[in-house]
Amino acid sequence: MERPEAFRIIESLRLGIPPDGAVRYLTVGRKEEIEDLRRRVQTGGAGLLYIKANYGSGKTHLLRLIREYGLEHGYAVSVVGLDATASVRFNRMDQIVGAVMRGLRVPGSVYTGVRGLFDLLCSEIQNSRARGDADGLWYRLTNRWKWNESDVCESITMFVALRAWATGLPATQQLVEDWLFQPWSYYTQRRRIYQELIGDLGRYFHDGHQERYYYPDAFKLSVQAYDQSWKFLRDLRMLTAAAGLKGVIILFDEFENMLSGLKRSDYKSDAFWNLLQFGRQKQFPGLSVFAITPEFFQTLGRFIQEMSWSKLDYSEVGQFPTFEMQPLEVPQLQELAGRIRDTHALAFGWNPQQWIRDAALRGIVQKSAAVPVQDRSRQTIKHVVSALDAAFEEVQ
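Criteria and thresholds
- Once a new chain begins, its residue numbering starts again from 1 and follows that chain's sequence as written.
- Local features in a predicted model are, by the rule used here, given only for residues with pLDDT of at least 70; side-chain atom pairs are given and counted only at 80 or more, and totals for whole chains, interfaces and linings are based on all residues.
- Each side-chain value is derived from all of the structure's non-hydrogen atoms; neither hydrogens nor water enter the calculation.
- Secondary structure follows DSSP: runs of H or I at least 4 residues long count as helices, runs of E at least 2 residues long count as strands, and numbering of each begins at the N terminus.
- We compute the radius of gyration over the C-alpha atoms and compare it with the globule rule, which gives 2.2 Å times the number of residues raised to the power 0.38.
- Contact definition: two residues touch when any of their heavy atoms are within 4.5 Å.
- All tallies of charge rest on Lys and Arg as positive and Asp and Glu as negative; His and the ends of each chain are not included.
- Just so you know, the charge point we use is NZ for Lys, CZ for Arg, CG for Asp and CD for Glu.
- In this analysis, strands are considered paired if DSSP registers two or more bridges between them.
- Orientation is described by axes fitted as lines to C-alpha atoms, over the contacting stretch for helices, and by angles from 0 to 180 degrees between their N-to-C directions.
- When the near helix sits turned anticlockwise from the far one by under a right angle, the crossing is termed left-handed; a clockwise turn instead gives a right-handed crossing.
- Burial classes follow relative accessibility: with a 1.4 Å probe on protein chains only, a residue under 20% of its type's maximum area counts as buried, one over 50% as exposed, and anything between as partly exposed.
- Throughout, a disulfide means two cysteine sulfur atoms within 2.5 Å of one another.
- As used here, the term nonpolar core means buried Ala, Val, Leu, Ile, Met, Phe, Trp, Tyr and Cys residues forming a set that is joined through side-chain atoms within 4.5 Å.
- Aromatic rings from Phe, Tyr and Trp, taking only the six-membered ring of Trp, are treated as a pair when their centres fall within 6.5 Å; an angle between ring planes under 30 degrees marks them as stacked, one over 60 as edge-to-face, and anything in between as tilted.
- Helix span, expected: 1.5 Å multiplied by one less than the number of residues in the helix.
- The directions considered for the arc are those from the helix axis to the C-beta atoms.

Draft legend 1. Highlighting the overall build of the protein. Within the protein, the secondary structure is distributed over 16 helices and six strands. Taking 2.2 N^0.38 as the reference for a compact globule, 396 residues should give roughly 21 Å; the C-alpha atoms of the protein span a radius of gyration of 24 Å, in line with that estimate. Over its C-alpha atoms, taken along the principal directions, the protein stretches across nearly 75 × 55 × 35 Å. For the protein, the proportion of contacts with a sequence separation of at least 24, taken over those separated by at least 6, is 72%. The averaged location of the 46 negative side-chain charges in the protein is 2 Å from the averaged location of its 49 positive side-chain charges.

Below is the structure:
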(Lines give C-alpha, C1' and ligand atoms only; values in the text may rest on other atoms or scores of the structure.)
Protein backbone atom coordinates (compact mmCIF):
# COMPACT_ATOMS: atom_id res chain seq x y z
CA MET A 1 0.00 0.00 0.00
CA GLU A 2 1.27 3.46 -0.95
CA ARG A 3 0.83 6.56 1.21
CA PRO A 4 -1.91 8.19 -0.92
CA GLU A 5 -3.93 4.98 -0.76
CA ALA A 6 -3.55 4.83 3.03
CA PHE A 7 -4.70 8.45 3.30
CA ARG A 8 -7.78 7.70 1.17
CA ILE A 9 -8.64 4.73 3.38
CA ILE A 10 -8.47 6.79 6.57
CA GLU A 11 -10.62 9.51 5.02
CA SER A 12 -13.25 6.91 4.19
CA LEU A 13 -13.11 5.26 7.61
CA ARG A 14 -13.68 8.60 9.35
CA LEU A 15 -17.15 8.50 7.82
CA GLY A 16 -17.67 4.85 8.67
CA ILE A 17 -17.65 3.93 4.97
CA PRO A 18 -15.84 0.83 3.64
CA PRO A 19 -13.01 2.12 1.40
CA ASP A 20 -13.15 1.00 -2.21
CA GLY A 21 -10.29 -1.25 -3.23
CA ALA A 22 -9.10 -1.91 0.33
CA VAL A 23 -12.03 -3.80 1.80
CA ARG A 24 -10.16 -7.09 1.88
CA TYR A 25 -7.32 -5.59 3.95
CA LEU A 26 -9.85 -4.36 6.52
CA THR A 27 -11.84 -7.61 6.67
CA VAL A 28 -11.25 -9.58 9.87
CA GLY A 29 -12.95 -12.66 11.30
CA ARG A 30 -15.79 -14.50 9.56
CA LYS A 31 -13.24 -16.61 7.71
CA GLU A 32 -15.60 -19.45 6.85
CA GLU A 33 -18.31 -17.05 5.72
CA ILE A 34 -15.90 -15.03 3.59
CA GLU A 35 -14.44 -18.16 2.01
CA ASP A 36 -17.92 -19.38 1.11
CA LEU A 37 -18.69 -16.05 -0.58
CA ARG A 38 -15.38 -16.03 -2.43
CA ARG A 39 -16.06 -19.56 -3.67
CA ARG A 40 -19.53 -18.57 -4.92
CA VAL A 41 -18.05 -15.72 -6.94
CA GLN A 42 -15.08 -17.70 -8.24
CA THR A 43 -17.21 -20.61 -9.46
CA GLY A 44 -19.58 -18.28 -11.28
CA GLY A 45 -22.73 -19.26 -9.48
CA ALA A 46 -25.76 -17.36 -10.77
CA GLY A 47 -29.06 -16.74 -9.03
CA LEU A 48 -30.17 -14.73 -6.03
CA LEU A 49 -28.36 -14.51 -2.70
CA TYR A 50 -29.44 -12.68 0.45
CA ILE A 51 -26.89 -11.21 2.85
CA LYS A 52 -28.60 -10.86 6.20
CA ALA A 53 -27.23 -8.72 9.01
CA ASN A 54 -28.33 -5.93 11.35
CA TYR A 55 -27.75 -2.27 10.55
CA GLY A 56 -24.08 -1.41 11.02
CA SER A 57 -23.01 -5.07 11.13
CA GLY A 58 -21.09 -5.11 7.89
CA LYS A 59 -23.55 -5.61 5.01
CA THR A 60 -22.16 -2.72 2.98
CA HIS A 61 -18.62 -3.80 3.84
CA LEU A 62 -19.37 -7.29 2.60
CA LEU A 63 -20.95 -6.03 -0.63
CA ARG A 64 -17.79 -4.04 -1.33
CA LEU A 65 -15.76 -7.19 -0.65
CA ILE A 66 -17.88 -9.14 -3.13
CA ARG A 67 -17.30 -6.38 -5.67
CA GLU A 68 -13.55 -6.71 -5.19
CA TYR A 69 -13.74 -10.49 -5.60
CA GLY A 70 -15.98 -10.13 -8.64
CA LEU A 71 -13.66 -7.69 -10.42
CA GLU A 72 -10.66 -9.84 -9.55
CA HIS A 73 -12.29 -12.91 -11.07
CA GLY A 74 -13.37 -11.22 -14.26
CA TYR A 75 -16.93 -10.00 -13.68
CA ALA A 76 -18.58 -6.70 -14.39
CA VAL A 77 -20.03 -5.58 -11.03
CA SER A 78 -22.51 -2.89 -10.04
CA VAL A 79 -23.60 -1.73 -6.59
CA VAL A 80 -27.14 -0.34 -6.39
CA GLY A 81 -28.59 1.45 -3.37
CA LEU A 82 -32.39 1.62 -3.19
CA ASP A 83 -33.75 5.07 -2.43
CA ALA A 84 -37.23 6.10 -3.58
CA THR A 85 -36.40 9.78 -3.04
CA ALA A 86 -33.40 9.50 -5.37
CA SER A 87 -35.29 7.77 -8.21
CA VAL A 88 -34.16 4.23 -7.43
CA ARG A 89 -37.41 2.42 -6.68
CA PHE A 90 -37.50 -1.34 -6.96
CA ASN A 91 -40.87 -1.38 -8.71
CA ARG A 92 -39.36 0.72 -11.52
CA MET A 93 -37.03 -1.50 -13.54
CA ASP A 94 -36.01 1.43 -15.74
CA GLN A 95 -34.70 3.15 -12.60
CA ILE A 96 -32.89 -0.04 -11.61
CA VAL A 97 -31.28 -0.20 -15.07
CA GLY A 98 -30.11 3.41 -14.67
CA ALA A 99 -28.66 2.66 -11.23
CA VAL A 100 -26.91 -0.47 -12.54
CA MET A 101 -25.28 1.49 -15.33
CA ARG A 102 -24.23 4.30 -12.97
CA GLY A 103 -22.56 1.88 -10.58
CA LEU A 104 -21.02 -0.47 -13.16
CA ARG A 105 -17.34 -1.42 -12.97
CA VAL A 106 -15.35 -3.73 -15.23
CA PRO A 107 -11.94 -5.29 -14.51
CA GLY A 108 -8.97 -3.18 -15.53
CA SER A 109 -10.90 0.08 -15.83
CA VAL A 110 -10.73 3.08 -13.52
CA TYR A 111 -14.18 4.26 -14.62
CA THR A 112 -17.46 3.70 -12.83
CA GLY A 113 -20.43 3.71 -15.19
CA VAL A 114 -20.94 3.11 -18.91
CA ARG A 115 -17.51 4.16 -20.15
CA GLY A 116 -15.43 1.25 -18.91
CA LEU A 117 -17.73 -1.39 -20.41
CA PHE A 118 -18.48 0.36 -23.71
CA ASP A 119 -14.80 1.15 -24.29
CA LEU A 120 -14.04 -2.54 -23.76
CA LEU A 121 -16.82 -3.65 -26.11
CA CYS A 122 -15.79 -1.23 -28.86
CA SER A 123 -12.17 -2.34 -28.56
CA GLU A 124 -13.24 -5.98 -28.97
CA ILE A 125 -15.36 -5.06 -32.01
CA GLN A 126 -12.51 -3.11 -33.62
CA ASN A 127 -10.03 -5.93 -33.03
CA SER A 128 -12.42 -8.46 -34.51
CA ARG A 129 -12.94 -6.34 -37.60
CA ALA A 130 -9.20 -5.73 -38.00
CA ARG A 131 -8.64 -9.50 -37.98
CA GLY A 132 -11.12 -9.79 -40.80
CA ASP A 133 -13.50 -12.02 -38.87
CA ALA A 134 -16.40 -13.01 -41.06
CA ASP A 135 -18.32 -14.82 -38.38
CA GLY A 136 -18.91 -14.62 -34.66
CA LEU A 137 -20.98 -12.47 -32.36
CA TRP A 138 -19.41 -9.09 -33.17
CA TYR A 139 -19.81 -9.71 -36.90
CA ARG A 140 -23.48 -10.55 -36.39
CA LEU A 141 -24.10 -7.80 -33.83
CA THR A 142 -22.98 -5.14 -36.32
CA ASN A 143 -24.58 -6.88 -39.32
CA ARG A 144 -21.28 -7.44 -41.14
CA TRP A 145 -19.71 -4.26 -39.69
CA LYS A 146 -22.41 -2.05 -41.25
CA TRP A 147 -24.04 -1.19 -37.90
CA ASN A 148 -27.42 -0.73 -39.63
CA GLU A 149 -29.23 -3.31 -37.51
CA SER A 150 -28.57 -6.21 -35.17
CA ASP A 151 -30.17 -9.59 -34.65
CA VAL A 152 -28.03 -10.12 -31.53
CA CYS A 153 -29.21 -7.36 -29.19
CA GLU A 154 -32.72 -7.75 -27.78
CA SER A 155 -32.81 -4.14 -26.62
CA ILE A 156 -32.98 -1.35 -29.21
CA THR A 157 -31.74 1.03 -26.51
CA MET A 158 -28.61 -1.05 -25.93
CA PHE A 159 -27.83 -1.35 -29.65
CA VAL A 160 -28.38 2.34 -30.43
CA ALA A 161 -26.31 3.40 -27.40
CA LEU A 162 -23.39 1.08 -28.19
CA ARG A 163 -23.40 1.99 -31.89
CA ALA A 164 -23.33 5.71 -31.08
CA TRP A 165 -20.55 5.15 -28.53
CA ALA A 166 -18.46 3.41 -31.20
CA THR A 167 -18.20 6.70 -33.12
CA GLY A 168 -15.79 7.97 -30.44
CA LEU A 169 -17.36 11.43 -30.44
CA PRO A 170 -17.08 12.98 -26.94
CA ALA A 171 -20.40 14.86 -27.07
CA THR A 172 -22.17 11.76 -28.37
CA GLN A 173 -20.68 9.58 -25.64
CA GLN A 174 -21.67 12.13 -23.01
CA LEU A 175 -25.28 11.98 -24.21
CA VAL A 176 -25.20 8.17 -24.19
CA GLU A 177 -23.97 8.20 -20.59
CA ASP A 178 -26.65 10.59 -19.43
CA TRP A 179 -29.34 8.66 -21.32
CA LEU A 180 -28.44 5.31 -19.81
CA PHE A 181 -27.91 6.77 -16.34
CA GLN A 182 -31.45 8.21 -16.25
CA PRO A 183 -33.42 6.74 -19.20
CA TRP A 184 -36.81 7.84 -17.84
CA SER A 185 -35.87 11.51 -18.17
CA TYR A 186 -35.55 11.02 -21.95
CA TYR A 187 -39.02 9.58 -22.52
CA THR A 188 -40.16 13.02 -23.70
CA GLN A 189 -36.94 13.58 -25.69
CA ARG A 190 -37.25 10.75 -28.20
CA ARG A 191 -36.70 13.11 -31.11
CA ARG A 192 -33.42 14.25 -29.59
CA ILE A 193 -32.25 10.66 -29.13
CA TYR A 194 -33.07 9.87 -32.73
CA GLN A 195 -31.52 13.04 -34.11
CA GLU A 196 -28.26 13.06 -32.14
CA LEU A 197 -27.61 9.31 -31.83
CA ILE A 198 -28.91 8.19 -35.21
CA GLY A 199 -29.78 10.91 -37.73
CA ASP A 200 -26.71 13.12 -37.22
CA LEU A 201 -24.30 10.15 -37.34
CA GLY A 202 -25.02 9.10 -40.92
CA ARG A 203 -21.35 9.44 -41.90
CA TYR A 204 -20.47 6.64 -39.45
CA PHE A 205 -23.24 4.19 -40.37
CA HIS A 206 -26.38 4.04 -42.48
CA ASP A 207 -29.21 3.05 -40.18
CA GLY A 208 -31.68 2.31 -42.93
CA HIS A 209 -34.77 2.74 -40.75
CA GLN A 210 -37.05 5.71 -41.13
CA GLU A 211 -37.59 7.83 -38.05
CA ARG A 212 -41.07 6.43 -37.44
CA TYR A 213 -39.52 2.98 -36.85
CA TYR A 214 -38.34 4.24 -33.44
CA TYR A 215 -41.64 5.82 -32.42
CA PRO A 216 -43.48 5.95 -30.20
CA ASP A 217 -41.91 3.66 -27.61
CA ALA A 218 -38.70 2.15 -28.99
CA PHE A 219 -36.53 3.99 -26.45
CA LYS A 220 -38.83 3.56 -23.43
CA LEU A 221 -37.55 0.96 -20.97
CA SER A 222 -40.85 1.18 -19.10
CA VAL A 223 -43.12 -0.23 -21.82
CA GLN A 224 -44.61 -3.75 -21.85
CA ALA A 225 -44.39 -4.08 -18.06
CA TYR A 226 -40.70 -3.11 -18.19
CA ASP A 227 -39.95 -5.90 -20.66
CA GLN A 228 -37.50 -3.57 -22.41
CA SER A 229 -35.63 -3.10 -19.13
CA TRP A 230 -35.19 -6.85 -18.70
CA LYS A 231 -34.07 -7.13 -22.33
CA PHE A 232 -31.46 -4.45 -21.62
CA LEU A 233 -30.14 -6.40 -18.62
CA ARG A 234 -29.99 -9.62 -20.63
CA ASP A 235 -28.04 -7.79 -23.33
CA LEU A 236 -25.71 -6.46 -20.65
CA ARG A 237 -25.05 -10.03 -19.52
CA MET A 238 -24.59 -11.25 -23.11
CA LEU A 239 -22.20 -8.46 -24.12
CA THR A 240 -19.97 -8.79 -21.07
CA ALA A 241 -19.61 -12.52 -21.77
CA ALA A 242 -18.83 -11.80 -25.44
CA ALA A 243 -16.08 -9.39 -24.32
CA GLY A 244 -14.39 -12.15 -22.34
CA LEU A 245 -15.82 -11.36 -18.91
CA LYS A 246 -17.53 -14.01 -16.81
CA GLY A 247 -20.79 -12.10 -16.57
CA VAL A 248 -22.50 -9.48 -14.41
CA ILE A 249 -23.00 -9.28 -10.64
CA ILE A 250 -25.55 -6.79 -9.28
CA LEU A 251 -25.28 -5.95 -5.58
CA PHE A 252 -28.33 -4.33 -3.96
CA ASP A 253 -27.47 -2.38 -0.82
CA GLU A 254 -30.10 -1.29 1.73
CA PHE A 255 -32.61 -3.71 0.20
CA GLU A 256 -34.70 -3.57 3.36
CA ASN A 257 -35.94 -0.30 1.79
CA MET A 258 -37.53 -2.29 -1.03
CA LEU A 259 -41.07 -1.23 -0.09
CA SER A 260 -40.40 2.05 1.70
CA GLY A 261 -41.64 5.09 -0.15
CA LEU A 262 -44.02 3.03 -2.26
CA LYS A 263 -47.52 4.23 -1.41
CA ARG A 264 -49.60 2.25 -3.88
CA SER A 265 -50.30 -1.45 -3.51
CA ASP A 266 -49.64 -2.12 -7.21
CA TYR A 267 -46.18 -0.56 -6.87
CA LYS A 268 -45.41 -2.87 -3.95
CA SER A 269 -46.71 -5.84 -5.91
CA ASP A 270 -44.45 -4.90 -8.83
CA ALA A 271 -41.45 -4.64 -6.49
CA PHE A 272 -42.21 -8.08 -5.06
CA TRP A 273 -42.55 -9.50 -8.58
CA ASN A 274 -39.20 -8.01 -9.65
CA LEU A 275 -37.52 -9.72 -6.72
CA LEU A 276 -38.92 -13.05 -7.90
CA GLN A 277 -37.68 -12.38 -11.44
CA PHE A 278 -34.13 -11.90 -10.21
CA GLY A 279 -34.39 -15.12 -8.25
CA ARG A 280 -35.79 -17.19 -11.10
CA GLN A 281 -32.90 -16.09 -13.39
CA LYS A 282 -34.94 -16.17 -16.59
CA GLN A 283 -35.02 -12.39 -16.92
CA PHE A 284 -31.48 -11.85 -15.61
CA PRO A 285 -29.17 -14.89 -15.81
CA GLY A 286 -26.53 -13.48 -13.50
CA LEU A 287 -25.74 -13.26 -9.79
CA SER A 288 -27.80 -10.76 -7.79
CA VAL A 289 -27.03 -10.15 -4.11
CA PHE A 290 -29.49 -8.42 -1.77
CA ALA A 291 -28.40 -6.98 1.60
CA ILE A 292 -31.23 -7.26 4.12
CA THR A 293 -31.84 -6.98 7.86
CA PRO A 294 -33.16 -9.93 9.91
CA GLU A 295 -36.60 -8.28 9.99
CA PHE A 296 -36.91 -8.17 6.19
CA PHE A 297 -38.96 -11.32 5.71
CA GLN A 298 -41.30 -10.49 8.59
CA THR A 299 -41.83 -7.00 7.18
CA LEU A 300 -42.50 -8.35 3.72
CA GLY A 301 -44.89 -10.97 5.05
CA ARG A 302 -46.79 -8.31 7.00
CA PHE A 303 -47.14 -6.16 3.88
CA ILE A 304 -48.44 -9.14 1.92
CA GLN A 305 -51.04 -9.87 4.60
CA GLU A 306 -52.12 -6.26 4.88
CA MET A 307 -52.47 -5.85 1.12
CA SER A 308 -54.19 -9.24 0.67
CA TRP A 309 -51.85 -10.22 -2.13
CA SER A 310 -53.37 -13.66 -2.47
CA LYS A 311 -51.83 -14.23 -5.91
CA LEU A 312 -48.25 -13.70 -4.71
CA ASP A 313 -46.26 -16.71 -3.56
CA TYR A 314 -44.51 -15.35 -0.49
CA SER A 315 -42.86 -18.69 0.31
CA GLU A 316 -40.72 -18.57 -2.84
CA VAL A 317 -39.05 -15.34 -1.72
CA GLY A 318 -37.70 -17.04 1.39
CA GLN A 319 -36.33 -20.09 -0.41
CA PHE A 320 -33.34 -18.40 -2.04
CA PRO A 321 -29.94 -18.90 -0.33
CA THR A 322 -29.25 -16.66 2.64
CA PHE A 323 -25.78 -15.74 3.86
CA GLU A 324 -26.00 -14.59 7.48
CA MET A 325 -23.39 -12.20 8.83
CA GLN A 326 -22.36 -12.60 12.46
CA PRO A 327 -21.33 -9.41 14.33
CA LEU A 328 -17.62 -8.99 15.03
CA GLU A 329 -16.54 -9.83 18.57
CA VAL A 330 -14.05 -7.83 20.64
CA PRO A 331 -10.90 -9.82 19.63
CA GLN A 332 -11.74 -9.33 15.95
CA LEU A 333 -12.39 -5.64 16.49
CA GLN A 334 -9.00 -5.36 18.19
CA GLU A 335 -7.33 -6.92 15.15
CA LEU A 336 -9.17 -4.44 12.94
CA ALA A 337 -8.09 -1.53 15.17
CA GLY A 338 -4.46 -2.62 14.78
CA ARG A 339 -4.76 -2.55 10.99
CA ILE A 340 -6.34 0.90 11.13
CA ARG A 341 -3.47 2.15 13.31
CA ASP A 342 -0.92 0.80 10.80
CA THR A 343 -2.78 2.48 7.95
CA HIS A 344 -2.93 5.79 9.84
CA ALA A 345 0.83 5.59 10.43
CA LEU A 346 1.51 5.21 6.72
CA ALA A 347 -1.00 7.89 5.72
CA PHE A 348 0.50 10.60 7.93
CA GLY A 349 4.10 9.41 8.23
CA TRP A 350 4.27 8.99 12.01
CA ASN A 351 4.54 6.27 14.66
CA PRO A 352 1.22 6.16 16.56
CA GLN A 353 2.33 3.21 18.72
CA GLN A 354 4.41 5.63 20.77
CA TRP A 355 1.21 7.47 21.69
CA ILE A 356 -1.49 4.80 21.54
CA ARG A 357 0.06 1.55 22.65
CA ASP A 358 -1.64 -1.83 22.38
CA ALA A 359 -3.21 -1.58 25.85
CA ALA A 360 -4.68 1.85 25.09
CA LEU A 361 -5.97 0.60 21.76
CA ARG A 362 -7.67 -2.34 23.47
CA GLY A 363 -9.29 0.12 25.88
CA ILE A 364 -10.73 2.16 23.01
CA VAL A 365 -12.10 -1.00 21.40
CA GLN A 366 -13.64 -2.34 24.62
CA LYS A 367 -15.35 0.97 25.30
CA SER A 368 -16.66 1.21 21.75
CA ALA A 369 -17.81 -2.40 21.79
CA ALA A 370 -20.17 -1.61 24.67
CA VAL A 371 -22.67 -0.09 22.22
CA PRO A 372 -25.49 -2.27 20.81
CA VAL A 373 -24.26 -5.09 18.60
CA GLN A 374 -25.85 -3.79 15.42
CA ASP A 375 -23.69 -0.64 15.48
CA ARG A 376 -20.58 -2.04 17.12
CA SER A 377 -18.22 -2.28 14.14
CA ARG A 378 -18.98 1.12 12.69
CA GLN A 379 -18.67 2.92 16.02
CA THR A 380 -15.43 1.14 16.85
CA ILE A 381 -13.88 2.15 13.54
CA LYS A 382 -14.89 5.79 13.95
CA HIS A 383 -13.65 5.94 17.56
CA VAL A 384 -10.28 4.39 16.68
CA VAL A 385 -9.73 6.83 13.81
CA SER A 386 -10.81 9.75 16.01
CA ALA A 387 -8.34 8.75 18.74
CA LEU A 388 -5.53 8.43 16.20
CA ASP A 389 -6.38 11.81 14.71
CA ALA A 390 -6.36 13.43 18.16
CA ALA A 391 -3.00 11.88 19.04
CA PHE A 392 -1.50 12.99 15.74
CA GLU A 393 -2.67 16.57 16.37
CA GLU A 394 -0.84 16.54 19.70
CA VAL A 395 2.37 15.43 18.01
CA GLN A 396 2.31 18.34 15.56
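Draft legend 2. Layout of the sheet that holds strand 3 (residues 104-105). The mixed open sheet is built from six strands, whose spatial order is 3-2-4-5-1-6. The open sheet has two free edges, formed respectively by strand 3 and strand 6 (322-324), since each of these has just one partner strand. The strands touched by helix 3 (residues 59-72) are strand 1 (47-52), strand 2 (75-81), strand 3, strand 4 (247-253), strand 5 (287-292) and strand 6; relative to strand 4, the strand with the most contacts, the crossing angle is about 170 degrees. Seen against the sheet, helix 10 (residues 223-242) touches strand 2, strand 3 and strand 4 and runs at an angle of roughly 130 degrees to strand 4.

Draft legend 3. Geometry of the packing of helix 8 (residues 170-181) against helix 9 (residues 190-197). Close contact between helix 8 and helix 9 brings their axes to 11 Å; oriented N to C, the two are set at 145 degrees. By crossing handedness, the relation of helix 8 to helix 9 is classed as left-handed. Two secondary-structure elements touch here, helix 8 through T172, L175, V176 and W179 and helix 9 through R192, I193, E196 and L197.

Draft legend 4. Representation of the pairing of strand 2 within the structure. Of all seven residues in strand 2, five are buried, a share of seventy percent or more. Bridge count between strand 2 and strand 4: seven bridges; the pairing is parallel. Paired with V80 across the bridge in strand 4 is F252.

Draft legend 5. Structural view of the state of the cysteines. Going through the model one piece at a time under the given rule, you end up with zero disulfides. For the unlinked cysteine C122, the closest cysteine sulfur is that of C153, found at 11 Å. Residue classification places C122 among the buried residues on the basis of a relative accessible area of 7%.

Draft legend 6. A look at the nonpolar core. By size, the foremost hydrophobic cluster in this structure holds 83 residues, and its most contacted members are F90, F118, M258 and F278. Ranked by the residues each element gives to this core, the list is headed by helix 7 (residues 156-165), at seven residues. Here F118 is in contact with M158, A161, L162, W165, V176 and L180, once residues within four sequence places are set aside. Counting residues in hydrophobic clusters, the runner-up holds 25 residues, among them A347, L361, V384 and F392.

Draft legend 7. The packing of aromatic side chains, seen in detail. Applying the stated criterion across every chain yields a total of 25 aromatic pairs. Each ring, one from F7 and one from F348, has its centre 5.6 Å from the other, and the planes form 65 degrees; the classification is edge-to-face. A residue pair is termed long-range when its members are at least 10 positions apart, and F7 in helix 1 (residues 3-14) and F348 in helix 14 (residues 330-348) qualify at 341 residues. For F348, a relative accessible area of 17% translates into the label buried. Note on F90 and F252: the rings are 5.6 Å apart at their centroids and 90 degrees apart in plane angle, and the pair reads as edge-to-face.

Draft legend 8. A look at helix 1. In this model, helix 1 (12 residues) spans 17 Å end to end at C-alpha, consistent with the 16 Å of a helix rising 1.5 Å per residue. For helix 1, every residue scored as buried is listed here: A6, I9, I10, S12 and L13. Down the axis of helix 1, the buried side of the element spans an arc of 160 degrees, and every buried residue falls inside it.

Draft legend 9. The environment of M101, seen in detail. Among the structural elements, M101 can be located in helix 4 (residues 93-102). Its relative accessible area of 0% is what places M101 among the buried residues. C-alpha separation for the pair M101 and Q182, spaced 81 residues apart in sequence, amounts to 9.2 Å. Aside from chain neighbours lying at most four places away, what touches M101 is G113, V114, L180, F181, F232 and L236.

Any link to function would need more than the numbers given here.
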